[in-house]
Amino acid sequence: MTMKMEHVSVTLPVSNEPLIVSSVASRKSLKRHWNQLSRFQKNLACILLAGCFIFYIIFFMRPLDDPSQSSDVAAIDPMEHIQIAPFKERHERVIAQSVVKEVKLTDSEGNAPAEESQLVNAVAQQPDTSQAPLVLVHEEPKEIVDNEENVLEENHRVALPGAQDFKGPTNDRQRAVVEAFKHSWKGYKEYAWGHDNLKPISMGFSDWFGLGLTIVDSLDTLYIMDLQDEFDEARTWVEKYLKFDGNREVNLFEVTIRVVGGLLSAYHLSGDRMFLDKAIDLGNRLLPCFDSPSGIPFSDVNIGSLTAHAPKWSPDSSTSEVATLQLEFRDLSRSSENPVFEKVAARVNLKIHELDKNEGLVPIFINANTGQFRNFATVSLGARADSYYEYLLKQWLQTGKKKDDFLVEDYQLSMRGVLNQLVRTTPNEKHLYIGELINGKDFKPKMDHLTCYLPGTLLLGYKNGMPKTHLRLATDLLETCYQTYMKQPTQLAPEITYFNVNGESETDIYVKTNDAHNLLRPEFIESLYYFYAITGNRTYQDMGWTIFEAFNRYTKVKNGYTSIGNVKSPLNTRPRDMMESFWLGETLKYFYLLFSDDRNEIDLDKYVFNTEAHPLPIRED
């Protein structure tokens, strides 16, 4: 900061007679004026000037921030235009949050946590301004700013009511994952901050909905990894810049699992109400999707104008899209104490439950106007259907297995249909895989990488009482998914794998050229995590480490990680210049949890992960 000095003239008498100012005298040089002064007058003038200089130093010259502390950030900080709140407002916010910090979660006898209304009342109480730290506010204004930052920093991390405590990485493998995350975050922050996805090779960005998907998807990963500084800067962006009142066309499913799910998870882990308020605002703007003739939601909505419609490319929605909203909307209702979100999403459950199915298996398209499945649509556990089956089980778990028994019944029936109609084994190496039914009847030996979420979901179901056939299917399918990685020279799986049926291929597992891309997907790492967390067998950690090293070897670039176009050639991977938000929100999170020394770092009896890897609490109420 540059200060302006004001020049002051001091006129002192040179004799006992009045000083006569003339045009000649005014032209005298400063030196001649000075020489005419007596020794006493000269000393007095020096004392006055020295006093003014000392006064200026003390009261006007404040030390600037240490440039060594901020120069690196200043070069790339996209938030440099954020204006600091008025001092009074900031001061009051510090006091209010310090009161929240003092609220005890149990009484003196160790009883249950205080009710939310009690916490609200505690925050509303007037603070005791006689406390010593507050006396310094008026004496040293700069110090209170520093104190505010410290208080907010501490509260956002562990001190807010309900906040969870994570210790950070405890071993070399976890530290390697954290380094991969920080490398990705650095590139995103420098070249794509506030945008949806990073393009790490061209040093640019890609926007899908313009909602900062990478930031919101990463919030709980940052918190779980104990990356405190990065979490704080992400929180600041969400509070200041994540707004939903613009003219934005969004996909109901993608925004629900990524943004609503990400905000809710950040709220539950950190205890920070701001995240919940944002989720409520967005949830309200998504409700027009459910205002359809059938109750099956439209797939797209303008969250500014609040108008919903079917996708532009089809009159139908994907089955997974309309059936993968319920975890988030139920949690939104219970966290906000507004039942409308859960009601509209539960109505979709009931509508789909009442439709005719093929031994529990569903077509991949459904019409929001008629409420009916598309005739002769493909049946698959991959794209456009996968998370329908996942959420049947997880919704039942989310309610503490106390509600909506028809959901778990539909899940059990569908897994019976998978075993009876979709499971095959290759003729030579005996790889078990799950194929598709084209036109609802013709078997195709094709399996999306997306299907590799299923081993983990099956094992989670077995842990919660599903039959032993689910365990066997989970174990065999996990091995096949692993082989889709190991059979490739890069040890990275393709987007789609085909399997030998009657000797049409020289190998039992093969990949077509157009399907050989890898998008940094998380599904198999998700299943490995469940197997480790539930069984404690560290073999699954070793399998994951092999794949993590392959990601580092073939997808890491200077400014992040990129999807690649060809897993079949280490020398020609054809980088695609895209780092999807789920790389940070899902893949690296599951790697980190997989490599944890504590397999219960996220307690699966207390949390259920949504399909975007955002943990939400299990609640029986």
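Please read these numbers as outputs of a predicted model, since none were measured by experiment.

1. A few points about the sheet that holds strand β4 (residues 300–302)
If you trace the three strands from one edge of the open sheet to the other, you get β3-β4-β5, paired in antiparallel fashion. Looking at which strands have only one partner, the edges of the open sheet turn out to be β3 (249–251) and β5 (307–309). Here the strands of the sheet are splayed against their neighbours by 25° on average, with no regard to which way each runs. Looking at chain direction, β4 and β5 are connected through three bridges and run antiparallel. Within β5, the position partnered with N302 by the bridge is T307. Along the sheet face, helix α12 (residues 252–270) touches β3 and β4 and points at about 75° away from the line of β3.

2. Some points on the pattern of salt bridges
When charged atoms on two side chains of opposite charge get close, those side chains can pair. In the structure shown here, the tally under the stated rule is 21 salt bridges. Note that R258 and E254 form a salt bridge whose closest N and O atoms lie 2.9 Å from each other. Linking R258 with E254, this pair stays in helix α12, spanning four residues, or about one helical turn. Considered together, R258 and E254 belong to a single accessibility category, that of buried residues. Note that D316 is salt-bridged to R374, the shortest N-O span being 2.7 Å. Note that D316 is positioned in strand β6 (residues 316–318) and R374 in the loop between β7 (365–367) and α17 (386–398), a separation of 58 residues in sequence. The class for D316 is buried, based on a relative accessible area of 7%. Residues joined by salt bridges that share partners form a network here, namely R235, E239 and D272.

3. Topic: the packing of aromatic side chains
Summed over all chains, the structure comprises 30 aromatic pairs. Geometrically, the ring pair formed by F181 and W185 is stacked, given 5.9 Å between the ring centres and 20° between the ring planes. Residue F181 and its partner W185 are located together in helix α9 (residues 172–191), separated by four residues, close to a single helical turn. Summarising the burial analysis for this pair, F181 and W185 share the class buried. Look at Y485 and F524: their rings are 5.3 Å apart centre to centre, the planes differ by 35°, and that puts the pair in the tilted class. Here Y485 is found in helix α20 (residues 468–486), whereas its partner F524 is found in helix α21 (residues 523–535), with 39 residues between them in sequence. We classify Y485 as buried; its relative accessible area is 0%. An aromatic cluster is defined as three or more aromatic residues linked by ring pairs; in this entry it consists of W545, F548, F551, Y561, W583, F591 and F595. Directly above the aromatic system of Y498 lies the positively charged group of K512, at a separation of 4.1 Å from the ring centroid.

4. Quick word on the sheet that holds strand β13 (residues 496–499)
The antiparallel open sheet is built from three strands, whose spatial order is β12-β13-β14. The sheet is open, and its two borders are formed by β12 (446–448) and β14 (509–510), each paired with just one other strand. Of the strand pairs in this sheet, β13 and β14 are connected by two bridges, and their pairing is antiparallel. Paired with F499 across the two strands is I509, which belongs to β14. Contacting β12, β13 and β14, α20 crosses the sheet at an angle of about 85° to β12.

5. Details of the nonpolar core
The biggest cluster of nonpolar side chains holds 150 residues, and the ones touching the most others in it are L263, L286, F524 and L588. Among the elements that make up this core, the one with the highest residue count is α12 (eleven residues). Non-local contacts of L588, meaning those with residues more than four positions away in its chain, are made with V177, A180, F181, S184, M225, F548 and W583.

6. Some points on the state of the cysteines
Across all of its chains, the model carries one disulfide by this definition. In this model, C452 is linked to C481 through a disulfide, with the two sulfur atoms separated by 2.1 Å. Judged by the torsion about the S-S bond (-100°), the C452/C481 disulfide is left-handed. Linking C452 in the loop between β12 and α19 (454–463) with C481 in helix α20, this pair joins segments that are 29 residues apart in sequence. Accessibility classification places C452 together with C481 in one group, the buried group.

7. Let's talk about the packing of helix α13 (residues 273–286) against helix α15 (residues 326–336)
Running from N to C, α13 and α15 cross one another at 125°; their axes reach a closest spacing of 11 Å. In terms of their interaxial angle, α13 and α15 are classed as oblique. Considering how the two elements wind past one another, α13 and α15 form a crossing that is left-handed. Between α13 and α15, the residues in contact are L276, A279, I280, G283 and L286 and F329, L332, S335 and S336, respectively. Looking at the contact of α13 with α15 residue by residue, the class counts come to six nonpolar, three polar and no charged.

8. Notes on helix α10 (residues 213–224)
Of all twelve residues in α10, twelve are buried; the element is thus mostly enclosed. Positive phi shows up at D226, right after α10, with a value of about 60°.

9. Concerning unusual backbone geometry
Positive phi outside glycine occurs at E337, with the angle close to 60°. Mapped onto the elements of the fold, E337 is located in the loop between α15 and α16 (340–354). According to the relative accessible area criterion, E337 is exposed, its value standing at 62%. In this structure, R574 takes a positive phi of about 55° despite not being glycine. Tracing the backbone through its elements, the reader meets R574 in the loop between β16 (560–561) and α23 (581–594).

10. Quick word on the confidence of the model for the protein chain
Any residue range with low pLDDT should be treated as having predicted coordinates unsuitable for detailed reading. Considering every residue of the protein chain, the mean pLDDT works out to 83; 76% of them sit at 70 or more. In the model, residues 62–158 has pLDDT below 50 throughout and makes 84 contacts with residues more than four positions away in sequence or in other chains.

11. Description of the pairing of β13
Here β13 shows no split at all, with I496 and Y498 on one side and T497 and F499 on the other all buried. When β12 meets β13, the two strands line up antiparallel, connected through three bridges. From the neighbouring strand, D448 faces β13, where its bridge partner is I496.

12. Here's the deal with the side chain of T555
With respect to the helices and strands, T555 occurs in the loop between α22 (539–554) and β15 (556–557). Note on T555: relative accessible area 0%, which makes it buried. Polar contacts involving the side chain of T555 include one to the main-chain carbonyl oxygen of F551, which spans 2.6 Å. Beyond its immediate chain neighbours, meaning those up to four positions away, T555 contacts L492, L520, A550, G560, Y561, T562 and I564.

Analysis parameters
Residues numbered from 1 in each chain as written. Predicted model: local features only at pLDDT ≥ 70, side-chain atom pairs only at ≥ 80, totals over all residues. Heavy atoms only, no water. Pairing = 2+ DSSP bridges. Helix = DSSP H or I, 4+ residues; strand = E, 2+ residues; numbered from the N terminus. Axes fitted to C-alpha atoms, helices over the stretch in contact; angles between N-to-C directions. Contact = heavy atoms within 4.5 Å. Salt bridge = Lys/Arg side-chain N within 4 Å of Asp/Glu carboxyl O. Buried < 20%, exposed > 50% of the residue type's maximum accessible area, 1.4 Å probe, protein only. Phe/Tyr/Trp six-rings, centres within 6.5 Å; stacked < 30°, edge-to-face > 60°. Lys NZ or Arg CZ within 6 Å of the ring centre and 35° of its normal. Core = buried A, V, L, I, M, F, W, Y, C linked by side-chain atoms within 4.5 Å. Disulfide = S-S within 2.5 Å. Parallel < 35°, antiparallel > 145°, perpendicular 65-115°, else oblique. Left-handed = near helix turned anticlockwise from the far one by under 90°. Nonpolar A, V, L, I, M, F, W, Y, C, P; charged D, E, K, R; others polar. pLDDT = per-residue confidence, 0-100. Polar contact = N/O pair within 3.5 Å; in protein donor to acceptor, adjacent residues only side chain to side chain.

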